[in-house]
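# Structural features, examined
If you want the building blocks of each chain, they are given just below.
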Amino acid sequence: MATAEFTKDLCTPAFIVDLDIVKENAQAMQERFQKIGVQLRPHMKTHKTLECADIMTAGSRRCIVVSTLAEASFYADNGYDDILYAYPLPFDKVDRCAELSERLALFHIVVDNQHALQELKKRPLKQGKVWKVWMKLDCNNGRAGLPHFDSAALQLAQEISEAPGVELTGIYAHCGNTYACEGEEQIKDVAQETTTLTLQFMEKLKSAGIHGPKSSIGSTPSCSHPVPDMAMLSEVHPGNYIFYDVQQSLIGSCRLENVAVRVLTRVIGHYPHRNQLLVDCGWTALSHDGGGRLPTGYCIIEGHPDLKLLSMTQEHGRVEPISGKLDFSQFPLGSLLSLMPYHACATAMMHPVYFVHSKGKITGTWKPTRGW
């Protein structure tokens, strides 16, 4: 696929996207949660493009998650609404969040501490609007959020719900601990734990007289293999599933044939004395994320399971056989190799343009937004 005729004139390294696989991945996730009656709020952080967002939202241009205000502004400028900025509120960005809240029908923010709530109180919204606030709950993921067992979590939720000009819109939990899983059974165990802890917290809210907030959990592994209790949630917020990657296949979220993206690279050097090829793909085109944990190094070299991307510098990569002598005649100078990335999100971030193909033809380019 990737080294087919249509790729031969691309300037390498090039990030290519299989449009048909992207559409299949999007449809599968949409159908999965339509079936159980849970709102899908797809995360944009993996691709950061308009075209892919339209596919993930089935053209609705509503109900998305972003990880940066650059993304939020980009989508708002292009007709998107109901945007959740799923990042603990940075105090230097309160004014920008206020502008988006005043401009859009629905712009949501996330807090996990009282100081952030105080910052919101200092900046009341105009036009009679109220801050739409989701509280971040840590259900054993260990990144952001108040621990689910901590009384401070319920206390903060109460303070948000009672604050003037502020609405407790929802409880947001990320089950990123699914990324340590191996196989569907382990994924479902983590998904169940996160769902149970989130729903238990929702019951604590009701007991405290707080009714109405939504509940949302998500990660691509958990949403690729949802457990039945997830039907009791309001929303889910996966993102990587639109591209998938080698890491997701190892976790058990997908199969390699579901991975929609590749990095194309050219052979630029033969070095028989060290049994290596040099390619024009370094860590500025293929993320170091994954740390060479694969037997094949930092990626899978498509069609060549016997090759390993041993190391990368800024603009170069060194390729050698996993064992034995390299047959250099198989890899003429200028020939293309197709790399399946370990982590699609981190790799996509390296590229200012994505080349989109369908049925053996380049059909267009997508340009992601950048910055924070």
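Remember, it's a predicted structure, so these values are computed and weren't measured experimentally.

We now examine the overall build of the protein. Scanning the protein from terminus to terminus reveals 10 helices and 18 strands. The globule rule puts the C-alpha radius of gyration for 372 residues at 21 Å, and the 22 Å found for the protein is close to it. Dimensions along the principal axes, computed over C-alpha positions, put the protein at roughly 75 × 40 × 35 Å. Long-range contacts, defined as pairs at least 24 residues apart, comprise 67% of the intrachain contacts of the protein with a sequence gap of at least 6. Side-chain charges of the protein comprise 36 positive and 40 negative groups, with the mean position of each set lying 4 Å from the other.

With that settled, the discussion passes to helix α1 (residues 19–35). Taking 1.5 Å of rise per residue, the 17 residues of α1 would be expected to cover 24 Å, and the 24 Å separating its terminal C-alpha atoms lies within 8% of that figure. All buried positions along α1 are accounted for by L19, I21, V22, N25, A26, M29, Q30 and F33. At the N-terminal end of α1, a side-chain oxygen is found 3.1 Å from the backbone nitrogen of D20, two or three residues along, and the residue is D18. Once α1 finishes, G37 follows within two positions and takes phi at roughly 75 degrees, a positive value.

Among the structural elements, I322 can be located in the loop between β15 (317–321) and β16 (336–341). As a C-alpha pair, I322 and G145 span 177 residues in sequence and 43 Å in three-dimensional space. Apart from residues no more than four positions distant in its own chain, I322 is found in contact with P295, T296, P305, D306, L307 and K308.

Below, the discussion takes up the packing of aromatic side chains. In the structure shown here, the tally under the stated rule is 7 aromatic pairs. Between Y85 and Y87, the aromatic rings sit 6.2 Å apart at their centres with planes inclined by 15 degrees, giving stacked as the arrangement. Residue Y85 is classed as buried on the basis of its relative accessible area of 2%. For Y87, a relative accessible area of 42% gives the class partly exposed. Ring pairs connect the aromatic residues F15, F243 and Y354, which therefore count as one cluster.

Moving on: the side chain of H47. When you line up the elements, H47 lands in the loop between β2 (39–40) and α2 (50–56). With relative accessibility at 0%, the residue H47 sits in the buried group. Only 2.9 Å separates the side chain of H47 from the backbone nitrogen of T49, close enough to count as a polar contact. Discounting residues that sit within four places of it in the chain, H47 has contacts with C52, A53, M56, Y75, I242, F243, Y354 and P368.

What follows covers the pattern of salt bridges. Applying the stated rule across the entire model yields 19 salt bridges. With a shortest N-O distance of 3.1 Å, D20 and K359 are connected by a salt bridge. Taken together, the residues D20 in helix α1 and K359 in the loop between β17 (354–358) and β18 (361–366) connect sequence positions 339 residues apart. Look at D20 and you get partly exposed, because its relative accessible area is 22%. Here E203 makes a salt bridge to K206, at a shortest N to O gap of 3.5 Å. Within this pair, E203 and its partner K206 are both found in helix α7 (residues 184–207), separated by 3 residues, close to a single helical turn. With a relative accessible area of 45%, E203 lands in the partly exposed category. Overlapping salt bridges, with partners in common, bring together R41, R62, D82, K214 and E235 in one network.

Each value, and the rule that gives it
- Residues numbered from 1 in each chain as written.
- Predicted model: local features only at pLDDT ≥ 70, side-chain atom pairs only at ≥ 80, totals over all residues.
- Heavy atoms only, no water.
- Helix = DSSP H or I, 4+ residues; strand = E, 2+ residues; numbered from the N terminus.
- Rg over C-alpha atoms; globule rule 2.2 N^0.38 Å.
- Contact = heavy atoms within 4.5 Å.
- Lys, Arg positive; Asp, Glu negative; His and termini not counted.
- Charge placed at Lys NZ, Arg CZ, Asp CG, Glu CD.
- Expected span 1.5 Å × (residues − 1).
- Buried < 20%, exposed > 50% of the residue type's maximum accessible area, 1.4 Å probe, protein only.
- Polar contact = N/O pair within 3.5 Å; in protein donor to acceptor, adjacent residues only side chain to side chain.
- Phe/Tyr/Trp six-rings, centres within 6.5 Å; stacked < 30°, edge-to-face > 60°.
- Salt bridge = Lys/Arg side-chain N within 4 Å of Asp/Glu carboxyl O.

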